[in-house]
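Understanding the architecture of this molecule
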Amino acid sequence: GENVEQHPSTLSVQEGDSAVIKCTYSDSASNYFPWYKQELGKRPQLIIDIRSNVGEKKDQRIAVTLNKTAKHFSLHITETQPEDSAVYFCAATLSGAGSYQLTFGKGTKLSVIP
Amino acid sequence: ETGVTQTPRHLVMGMTNKKSLKCEQHLGHNAMYWYKQSAKKPLELMFVYSLEERVENNSVPSRFSPECPNSSHLFLHLHTLQPEDSALYLCASSQDAGNEKLFFGSGTQLSVL
């Protein structure tokens, strides 16, 4: 089955700096890679996703990159703000093949220091 | 209320108790999920329902029993739990079973004494 490794487990950055979270996956057939943000005491929310036919996707201050050859994908947050402080989870799956197993990483706790 | 609603938010139970967790989604989705979130561990998929039919059961102990009476409601019945079952239990829904774009509830924080 799929295995997703996520690093680092904790990350502290100064407000305004960039943050990068990296994930690797094991199943080369995986084709869908979402990122979820979970603020303290709140529900996980999808913030961005990428499919295997795309190398990069941006949404304002957030971007995700995918390297299929190396089987890793990364979340980039620029101009970080205190409200970016949360736990971020990456995930991987083979979408559309009747599989329901979305495999998550262990999460990265991001702290943005004002 | 819109989105995915879970009740109760917090639950403390003894190992001999029987309790149920409730989830309701107001998004018109066809698939619903139960996930377990433990500290320092990845989110673990427990059950998947598509159009009220269970399509996935990830080797979950029988002390957890799901029920999906319709596409908007999902229950998790608990009995004779163990302390290691203490965790945040998250319900989620998606348009169709296939994992894309999950919408999570706020979860039930369960403590088993």
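Structure's up top.
Read on for an overview of the structure. (Residues numbered from 1 in each chain as written. Chains lettered and ligands numbered in written order. Predicted model: local features only at pLDDT ≥ 70, side-chain atom pairs only at ≥ 80, totals over all residues. Heavy atoms only, no water.)

Points about the overall build of chain A
Convention followed: Helical segments are the DSSP runs of H or I of at least four residues, strand segments are the runs of E of at least two, and each set is numbered from the N terminus. Burial status follows relative accessibility: with a 1.4 Å probe on protein chains alone, a residue under 20% of its type maximum counts as buried, one over 50% as exposed, and anything between as partly exposed. In this description, accessible areas are obtained by the Shrake-Rupley approach with a 1.4 Å probe, and a residue is regarded as covered only by the protein chains that are shown.
Of regular secondary structure, chain A possesses 0 helices and 11 strands. Of the regular secondary structure in chain A, the N- to C-terminal order runs β-β-β-β-β-β-β-β-β-β-β. Burial status across chain A gives 43% buried among its 114 residues. For chain A, the accessible surface area stands at approximately 5,700 Å², while carbon and sulfur atoms represent 47% of it.

Points about the side chain of aspartate 49 of chain A
Heads up, the rule is: Side-chain atoms alone can form a polar contact between residues adjacent in sequence; in general such a contact is a pair of N or O atoms within 3.5 Å, and within protein one must be able to donate a hydrogen while the other accepts it. In what follows, residue pairs with any heavy atoms lying within 4.5 Å of each other are defined as contacts.
Examined against the element boundaries, aspartate 49 of chain A turns out to sit in strand S5 (residues 45-51). In this structure aspartate 49 of chain A comes out as buried when scored by relative accessible area, which is 6%. Within the local environment of aspartate 49 of chain A, its side chain forms a polar contact with the side chain of lysine 57 of chain A, the two groups lying 2.9 Å apart. One polar contact links aspartate 49 of chain A to lysine 101 of chain B, side chain to side chain, over a distance of 2.7 Å. Among all residues touching aspartate 49 of chain A, those that are not within four sequence positions of it are Tyr32, Phe33, Pro34, Lys57 and Val64 of chain A together with Lys101 of chain B.

Overview of the pattern of salt bridges
The line we're drawing: The working definition used for a salt bridge is a side-chain nitrogen of Lys or Arg within 4 Å of a carboxyl oxygen of Asp or Glu.
Summed over all chains, the structure comprises 6 salt bridges over all chains. Residues lysine 57 of chain A and aspartate 49 of chain A are paired through a salt bridge, measuring 2.9 Å at the closest nitrogen-oxygen approach. Between glutamate 44 of chain B and lysine 41 of chain B there is a salt bridge; the shortest N-O distance is 3.5 Å. On the basis of relative accessible area, lysine 41 of chain B is assigned to the partly exposed category, the value being 40%.

Concerning the nonpolar core
Within soluble globular proteins, side chains that are nonpolar generally end up buried alongside one another. What counts, and what does not: By convention a nonpolar core is built from buried Ala, Val, Leu, Ile, Met, Phe, Trp, Tyr and Cys residues, the set being connected through side-chain atoms within 4.5 Å.
Formed by 23 residues in total, the largest nonpolar core has its most connected members in Trp35, Phe73, Leu75 and Leu110 of chain A. When residues of this core are traced back to their parent elements, those giving at least two are strand S2 (10-14), strand S3 (19-25), strand S4 (32-38), S5, strand S7 (62-67), strand S8 (72-77), strand S9 (86-92) and strand S11 (108-113) of chain A. With residues up to four places along the chain from it excluded, the contact list for leucine 75 of chain A reads Ala19, Val20, Ile21, Trp35, Ile47, Ile48, Ile62, Ala63 and Tyr88 of chain A. Among the nonpolar cores identified, the runner-up in size contains 22 residues, and Phe47, Tyr49, Cys68 and Leu74 of chain B belong to it.

Concerning the sheet that holds strand S3 (residues 18-25) of chain B
Residue and element names in this part refer to chain B. Here is the rule we go by: Any two strands with at least two DSSP bridges between them are considered paired. Every angle, taken between N-to-C directions, lies between 0 and 180 degrees, and every axis is a line fitted to C-alpha atoms, over only the stretch in contact when it is a helix.
Ordered in space as S1-S3-S8-S7, the 4 strands form an open sheet in which the pairing is antiparallel. At either end of the open sheet lies a strand with only one pairing partner, and these are strand S1 (4-7) and strand S7 (64-70). Going from strand to strand, the sheet's axes swing by 20 degrees on average, the running direction of each strand aside. Sheet topology note: the S3/strand S8 (residues 73-79) ladder contains 7 bridges and is antiparallel. Within the sheet, the bridge partner assigned to glutamate 24 lies in S8 and is histidine 73.

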